[in-house]
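Read off the chains here:
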Amino acid sequence: GPRSREWEYFDGRCYFFSIQQTTWGKAKAVCQSWNSQLVVIHDTAKQNFIQSRTRNERYWIGLTDVDTEGEWRWIDGTNYRNSFKNWSKGEPNDAGQREDCAQIHGAGEWNDVPCNYEESFYISIGCSLDRL
Ligand code: 2F8
Ligand code: CA
């Protein structure tokens, strides 16, 4: 089977850092099939936990502006506009007018990339469960 890490608990939720490479949409679907979701990051504590586990890989997070360009939305419907953000300098930039899904770099900063992006970097799934 696929190589994987264990589920990890942090502040009321569980997290699984998949090393499967896939698109944002497929990652979202896998999370849903596990009754979970792509990670949503609303504060420094969560950000620090997530980035302490990303190593040098790149992970999708549950943030997209695919419905309306420039209107970023967390997949759980929680507030984006007035909440915590950790974009890299100059991001999100919608490079090539085709970057609608957010990922977190190994160093922890966020960047928008094409939702169907797949290459030799690990683009992985971070899921969180509502309950153990
Ligand atoms: O310079 C920032 C820029 O770097 C890359 O594009 C050259 C990223 N693209 C991918 O990772 C696919 C952009 O998203 C990023 O803004
Ligand atoms: Ca970008």
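One can find the structure itself at the top, above this paragraph.
Residues numbered from 1 in each chain as written. Chains lettered and ligands numbered in written order. Predicted model: local features only at pLDDT ≥ 70, side-chain atom pairs only at ≥ 80, totals over all residues. Heavy atoms only, no water.

K.L.:
When you look at the coordination of the calcium ion (ligand 2) in this model, what are you seeing that I'm missing?
P.N.:
Around a metal, the idealised angle for a tetrahedral arrangement of four donor atoms is 109.5 degrees; for an octahedral arrangement of six donor atoms it is 90 or 180 degrees. Surrounding the calcium ion (ligand 2) are the protein donor atoms Glu91 (OE), Asn93 (OD1), Glu99 (OE), Asn111 (OD1), Asp112 (O) and Asp112 (OD), which sit 2.3 to 2.6 Å from the metal. Site description for the calcium ion (ligand 2): donor spacing in sequence, E-x1-N-x5-E-x11-N-D. On the accessibility criterion, Glu99 (10% relative accessible area) is buried. (Donors = N, O, S within 2.8 Å, 3.2 Å for Na, K, Ca; no water. Buried < 20%, exposed > 50% of the residue type's maximum accessible area, 1.4 Å probe, protein only.)

K.L.:
Just checking my understanding: could you explain the state of the cysteines for this structure?
P.N.:
In protein structure, a disulfide is the covalent linkage between the sulfur atoms of two cysteines. Within the structure shown, the criterion is met by one disulfide. Paired by a disulfide, Cys101 and Cys115 hold their sulfur atoms 2.0 Å apart. Measuring the twist about the S-S bond at about 90°, one finds the Cys101-Cys115 disulfide to be right-handed. With Cys101 in strand E6 (residues 101-104) and Cys115 in the loop between strand E7 (110-113) and strand E8 (123-124), the pair connects residues that are 14 residues apart, well separated along the chain. For Cys101, a relative accessible area of 1% puts it in the buried group. (Disulfide = S-S within 2.5 Å. Helix = DSSP H or I, 4+ residues; strand = E, 2+ residues; numbered from the N terminus.)

K.L.:
So what exactly am I meant to see when it comes to the environment of Asp11 here?
P.N.:
With respect to the helices, strands and loops of the structure, Asp11 is situated in the loop between strand E1 (8-10) and strand E2 (13-17). Assessed through its relative accessible area of 62%, Asp11 is described here as exposed.

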